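Coordinate inspection notes
Chain by chain, the residues run as shown.
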Amino acid sequence: MRINVYNVLYCIHFLMRVGDKLMIQPIGEDRVRHMSNVAAYMYEKAPDYNLNPEYMYVLGLIHDIGYIDEGENHAQYGSQLLYDIGLRDTDNFSFNTMIANHSSVPDFEMDWNNEEHRMKYLLYEADMRINSTGKLVDYDRRLEDIYTRYGDSERIDICTEVVNWLQKYEKK
């Protein structure tokens, strides 16, 4: 499967800009910067993980699309939204599954020989390295950013576990 990046970008732009007309919340500028910079980070790092930069860019760009809904579970909502507009898992790439699971603690032992594991690792890494306003930060600054916005909540606990998992498998 070859992804037409321009069609995906058009769909994302459409959803982000006209959400209010569809009775959904448009995504704010800070979230757009976060998503764009996660995409750029993933594109840049993809060769280091032996991954397709174009696929990684699209995955990074759409990973938080579920924030167009005000509900708590943006990952599940985003996955369903992408499915509904026709972007579905294939034998070659599991967009929906990765989006659905990106805001939970990884439940697998990292296998660097497994392409899907490398994709998930890169998505977690990028999401935890790009803060809420789109700036590249270290893990500690990102956790501070999340704590400032959400306080002592399940979200900060999950993010702390994700960072611990990333550091456990970090390539030296």
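Before reading further, recall that the structure is shown in the block above.
Let me begin by describing the structure that accompanies this report. (Residues numbered from 1 in each chain as written. Predicted model: local features only at pLDDT ≥ 70, side-chain atom pairs only at ≥ 80, totals over all residues. Heavy atoms only, no water.)

1. Brief notes about the nonpolar core
- If you look at the biggest cluster of nonpolar residues, it comprises 42 residues, and the most contacted ones within it are Met 42, Met 56, Leu 59, Leu 122, Met 128, Trp 165 and Leu 166.
- The set of elements that each furnish at least two residues to this core consists of α2 (29-45), α3 (53-62), α4 (74-84), α5 (95-101), α6 (115-129), α7 (139-150) and α8 (154-169). (Core = buried A, V, L, I, M, F, W, Y, C linked by side-chain atoms within 4.5 Å. Buried < 20%, exposed > 50% of the residue type's maximum accessible area, 1.4 Å probe, protein only. Helix = DSSP H or I, 4+ residues; strand = E, 2+ residues; numbered from the N terminus.)

2. Focus on the packing of α6 against α7
- Running from N to C, α6 and α7 cross one another at 70°; their axes reach a closest spacing of 8 Å. One element, α6, and the other, α7, form an angle in the roughly perpendicular class. Across from Glu 125, Asp 127, Met 128 and Arg 129 in α6, the residues of α7 making contact are Tyr 139, Arg 142 and Ile 146.
- Considered class by class, the residues forming the contact of α6 with α7 number three nonpolar, no polar and four charged. (Axes fitted to C-alpha atoms, helices over the stretch in contact; angles between N-to-C directions. Parallel < 35°, antiparallel > 145°, perpendicular 65-115°, else oblique. Contact = heavy atoms within 4.5 Å. Nonpolar A, V, L, I, M, F, W, Y, C, P; charged D, E, K, R; others polar.)

3. Side note on a negative patch on the surface
- A contiguous patch of negative charge on the surface is contributed by Asp 152, Glu 154, Asp 157 and Glu 161.
- In this fold, Glu 161 is placed in helix α8.
- A relative accessible area of 44% places Glu 161 in the partly exposed class. (Patch = residues over 30% accessible without salt bridge, like charges linked within 9 Å, V, L, I, M, F, W, Y side chains within 5 Å. Areas by Shrake-Rupley, 256 points an atom, 1.4 Å probe, with all protein chains shown as cover. Salt bridge = Lys/Arg side-chain N within 4 Å of Asp/Glu carboxyl O. Lys, Arg positive; Asp, Glu negative; His and termini not counted. Charge placed at Lys NZ, Arg CZ, Asp CG, Glu CD.)

4. Some words on the packing of aromatic side chains
- By the definition in use, this model includes eight aromatic pairs.
- On the numbers, 5.6 Å between centres and 45° between planes, the contact of Tyr 121 with Trp 165 is tilted. Of the two residues, Tyr 121 sits in helix α6 while Trp 165 sits in helix α8, which places them 44 residues apart along the sequence. Trp 165 matches Tyr 121 in its accessibility class, with the two residues each being buried.
- One aromatic cluster is present, formed by Tyr 49, Phe 108, Trp 112, Tyr 121, Tyr 124, Trp 165 and Tyr 169 through successive ring pairs.
- The ring of Tyr 67 is capped by Arg 31, whose NZ or CZ atom sits 3.7 Å from the centre of that ring.
- Sitting above the plane of the Tyr 139 ring, Arg 129 keeps its charged end 5.9 Å from the centroid. (Phe/Tyr/Trp six-rings, centres within 6.5 Å; stacked < 30°, edge-to-face > 60°. Lys NZ or Arg CZ within 6 Å of the ring centre and 35° of its normal.)

5. Quick look at the side chain of Asp 145
- Relative to the elements of secondary structure, Asp 145 occurs in helix α7.
- For Asp 145, a relative accessible area of 15% corresponds to the buried category.
- Of note is the side chain of Asp 145, whose polar atom sits 2.7 Å from the side chain of Arg 142.
- Look past the residues within four positions of Asp 145 in its chain and what remains in contact with it is Asn 131 and Ser 132. (Polar contact = N/O pair within 3.5 Å; in protein donor to acceptor, adjacent residues only side chain to side chain.)

6. Side note on the packing of α6 against α8
- At a minimum axis distance of 10 Å, the contact between α6 and α8 shows a crossing angle of 120°. Accordingly, the angle class assigned to the pair α6 and α8 is oblique. When the axes of α6 and α8 are compared, the crossing they make is left-handed. Along the contact surface, α6 presents Tyr 121, Tyr 124, Glu 125 and Met 128, while α8 presents Cys 159, Val 162, Val 163, Trp 165, Leu 166 and Tyr 169.
- When grouped by side-chain class, the residues that make up the contact of α6 with α8 number nine nonpolar, no polar and one charged. (Left-handed = near helix turned anticlockwise from the far one by under 90°.)

All we've got here are geometric facts, nothing functional implied.
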